[in-house]
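Summary of the model geometry
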Amino acid sequence: VFILIIRNTGKSRRQPCPAVLDHFDQQYSEELGDLWASARAVLLDPPSWQYGVMLNRFSSVTDITQILRSQGFSSLLPQTDSESPPKFPPSSLQCYVHPHPLRFPSQAHRPGQLKQYYLLNAASLLPVLALQVRDGDKVLDLCSAPGGKAVAIMQSATPALLCCNEPDPHRRDWLAKTLESFLPPSLCSRVMVSAQDGRFVGQSEAGFYDKVLVDAPCSNDRSWLHSSDKLRGQQRLEDRARLPELQTQLLRSAISAVRPGGVVVYSTCTLSSLENCAVVEAVLKEFPDAEVENLWEEIALPLSKYFALGILVVPQPGRTWGPMFLSRIRKKR
């Protein structure tokens, strides 16, 4: 097998949208202080972005693993047969990362054939790790498209049910194709795609799930900063102001949908505190039977080599993962 590894050279650098950049400068210089200057430099430099390669355990990946290791990639996570850091559970999920911005080529969708790997921002695996899915769990991925986190969940464990919810028809087709590309037909009885309005799932399926992931629609800092034109950028800034209300409704629904003792993970790919901590704090005021759990020793410390991480991954030179915010909420028994 021959695979060409691509090193970004920066020759086709995308230009940032001035309106979005100005907005980010005003908000994030206040919220992040000195961290913003270095995060800004990374976000403005797509060729510096690093990519992870998540392997598909339902496909033969021996040759891919050998290629990755020969190219200097290393495993991000402890495996089930290795010693894991304190309080960091071993996982069958395999993701390889490289210290430089090398990128594997993507694999085309081939009907009837499973892909061997999924390319991703490795920080996007953190919400899945925080969810701690176990064999036999009933899991809801409330905002599932395009499907990367659903695929990661199925690499981590074999839940009794994984409901992948996506109300938008176009995005739902994208989700279904992703699942078809990575999961064998034998899992069809465990993995379902639904089209519900996520804001109301907590009413229709109250207390049904063991684990719920809310990877909420958000003002995706990476892509929004490089909006194609001024009009598009302005529209996104208007959308940004409305997002916290939607995010609050989704998180409220997720907590209602999880059983007592169950877990909800809320995540976004923005640095904005208005879409992150402020949403969590607002919703918890309505749920005295729910509390935020500390992820520092479980996730942050074991992965500090790779991520500039608290519960917010801030992209930094040499560790260009993120942005990614995550918060784990447990409903009391």
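Residues numbered from 1 in each chain as written. Predicted model: local features only at pLDDT ≥ 70, side-chain atom pairs only at ≥ 80, totals over all residues. Heavy atoms only, no water.

1. Describing helix H9 (residues 230-257)
This is how the line gets drawn: Starting at the N terminus, helices and strands are each numbered in turn, a helix being any DSSP run of H or I of at least four residues and a strand any DSSP run of E of at least two. Helix span, expected: 1.5 Å multiplied by one less than the number of residues in the helix. Take the seven residues that end at a residue and the seven that start at it, fit an axis to each, and the angle between those axes is the bend at that residue.
The terminal C-alpha atoms of H9 lie 40 Å apart, and with 28 residues this matches the ideal 40 Å at 1.5 Å per residue to within 8%. Along its length, H9 shows its largest kink, about 40°, at Arg242, and proline Pro244 lies within four residues downstream of that point.

2. Re the environment of Ile299
Inspection of the secondary structure assignment puts Ile299 in helix H11 (residues 296-300). Separated by 34 residues in the primary sequence, Ile299 and Val265 place their C-alpha atoms 13 Å from one another.

3. Notes on the UniProt feature "active site" (unreviewed entry) in the protein
Note the cut-off: UniProt positions are given in the numbering used here, feature names are shortened, and annotations may be inferred rather than shown by experiment. Each residue is assigned to one of three classes by its accessible area relative to the maximum for its type, calculated with a 1.4 Å probe on protein chains only: buried under 20%, partly exposed between the two thresholds, exposed over 50%. Residue contacts follow a heavy-atom distance rule, with two residues in contact if any of their heavy atoms lie within 4.5 Å.
UniProt feature "active site" (unreviewed entry): in the numbering of this structure it lies at Cys269. The residue Cys269 is located in the loop between strand E11 (258-268) and helix H10 (277-284) in this model. Classification of Cys269 as partly exposed rests on a relative accessible area of 21%. Other than its neighbours up to four places away in sequence, Cys269 contacts Cys218, Ser219, Asn220, Asp221, Pro323 and Met324.

4. Re the sheet that holds strand E3 (residues 74-75)
This is how the line gets drawn: Think of it this way: DSSP has to see at least two bridges between two strands before they count as a pair. Axis geometry follows a simple rule: fit a line to the C-alpha atoms, using only the stretch in contact for helices, then measure angles between N-to-C directions, giving values from 0 to 180 degrees.
Across the sheet, which stays open at both edges, the four strands sit in the order E3-E4-E2-E6 with antiparallel pairing between neighbours. At either margin of the open sheet sits one strand with a lone partner, and together these are E3 and strand E6 (117-120). Judged from the two bridges that link them, strand E2 (residues 52-55) and strand E4 (residues 95-97) form a sheet pairing that is antiparallel. Opposite Val53, over in E4, you have Tyr96 as the bridge partner. Seen against the sheet, helix H3 (residues 62-70) touches E2, E4 and E6 and runs at an angle of roughly 155° to E2. Sheet contacts for helix H5 (residues 148-156): E2 and E6; angle to E2, the most-contacted strand, approximately 50°.

5. So, the pattern of salt bridges
Using the following cut-off: One speaks of a salt bridge when a side-chain nitrogen belonging to Lys or Arg is within 4 Å of a carboxyl oxygen belonging to Asp or Glu.
Scanning all chains against the criterion turns up twelve salt bridges. A salt bridge links Arg171 to Glu166; its shortest N-O distance comes to 3.9 Å. In this structure Arg171 comes out as partly exposed when scored by relative accessible area, which is 32%. With relative accessibility at 6%, the residue Glu166 sits in the buried group. For Asp221, the salt bridge is made with Arg240, and the minimal N-O distance between the two is 3.7 Å. One end of the pair, Asp221, is in helix H8 (residues 221-225); the other, Arg240, is in helix H9, and 19 residues separate them in sequence. Neither residue differs from the other here; Asp221 and Arg240 are each classed as buried. Salt bridges linked by common partners bring Glu293, Glu298, Arg328 and Arg330 together as one network.

6. What about the nonpolar core?
Operational definition: Nonpolar cores were defined as sets of buried Ala, Val, Leu, Ile, Met, Phe, Trp, Tyr and Cys residues, with membership established by side-chain atoms within 4.5 Å.
The biggest cluster of nonpolar side chains holds 45 residues, and the ones touching the most others in it are Leu76, Leu126, Leu303 and Phe307. Counting residues in each nonpolar core, the second largest holds 41 residues, with Leu21, Ala216, Leu271 and Phe287 among its members.

7. As for the packing of helix H1 (residues 18-32) against helix H2 (residues 35-43)
Let me state the cut-off plainly: Lys, Arg, Asp and Glu make up the charged group, whereas Ala, Val, Leu, Ile, Met, Phe, Trp, Tyr, Cys and Pro make up the nonpolar group; the residues left over, Gly among them, are polar.
Running from N to C, H1 and H2 cross one another at 145°; their axes reach a closest spacing of 8 Å. Counting all contacts with H1, which are made through Leu21, Phe24, Asp25, Tyr28, Ser29 and Leu32, the residues of H2 involved are Leu35, Trp36 and Arg40. When its residues are assigned to classes, the contact of H1 with H2 shows six nonpolar, one polar and two charged.

8. Concerning the packing of H9 against H10
Put simply, the test is: These descriptions rest on fixed angle ranges, namely under 35 degrees for roughly parallel, over 145 for roughly antiparallel, 65 to 115 for roughly perpendicular, and the rest for oblique. Handedness of a crossing follows from how the near helix is turned relative to the far one, being left-handed for an anticlockwise turn of less than a right angle and right-handed for a clockwise one.
Closest axis-to-axis distance for the H9/H10 pair is 9 Å, and the angle between their directions is 50°. In terms of axis orientation, H9 runs oblique to H10. Crossing handedness for the pair H9 and H10: right-handed. Contact with H9, carried on its side by Pro244, Gln247, Thr248, Leu251, Arg252 and Ile255, involves Val279, Val280 and Val283 of H10 and no other residues of that element. Residues of the contact of H9 with H10, tallied by class, amount to six nonpolar, two polar and one charged.

9. Remarks on H2
Inclusion rule: As used here, the arc is the angular range of directions from the helix axis to the C-beta atoms.
For H2, the set of buried residues is Trp36, Ser38, Ala39, Val42 and Leu43. One side of H2 carries all its buried residues, which in axial view fall inside an arc of 165°. The inward-facing, buried residues of H2 abut H1 and H8.

10. Comments concerning the state of the cysteines
As a reminder, the rule being used: Any pair of cysteine sulfurs within 2.5 Å is marked as a disulfide.
Applying the stated criterion across every chain, the model contains zero disulfides. The structure places no disulfide on Cys17, whose sulfur is separated from the nearest cysteine sulfur, that of Cys218, by 17 Å. With no disulfide of its own, Cys163 lies 6.8 Å from the sulfur of Cys164, the closest cysteine sulfur.

11. Thoughts on the packing of aromatic side chains
To keep things clear, this is the line we draw: For this analysis, a ring pair means two rings from Phe, Tyr or Trp (six-membered ring only for Trp) whose centres lie within 6.5 Å, classed as stacked if their planes differ by under 30 degrees, edge-to-face if by over 60, and tilted for the remaining angles. Any Lys NZ or Arg CZ that is within 6 Å of a ring centre and within 35 degrees of that ring's normal is treated as a charge sitting over the ring.
Going through the model one piece at a time under the given rule, you end up with seven aromatic pairs. A ring pair is formed by Phe73 and Phe104, whose centres lie 5.9 Å apart and whose planes are at 75°; its orientation type is edge-to-face. Here Phe73, found in the loop between H3 and E3, pairs with Phe104, found in the loop between strand E5 (102-103) and E6; they are 31 residues apart in sequence, far enough to count as distant. Accessibility classification places Phe73 together with Phe104 in one group, the buried group. Seen in terms of ring centroids, Tyr266 and Phe325 are 6.3 Å apart; in terms of plane orientation they differ by 70°. Their pairing is edge-to-face. Of the two residues, Tyr266 sits in strand E11 while Phe325 sits in strand E14 (residues 324-331), which places them 59 residues apart along the sequence. Aromatic rings pair up to connect Phe24, Tyr28 and Trp36 into one cluster. Note that Lys138 overlies the ring of Phe208, its terminal NZ or CZ placed 4.2 Å from the centroid. One residue, Arg222, lies across the ring of Trp49, its end atom 4.3 Å from the ring centre.

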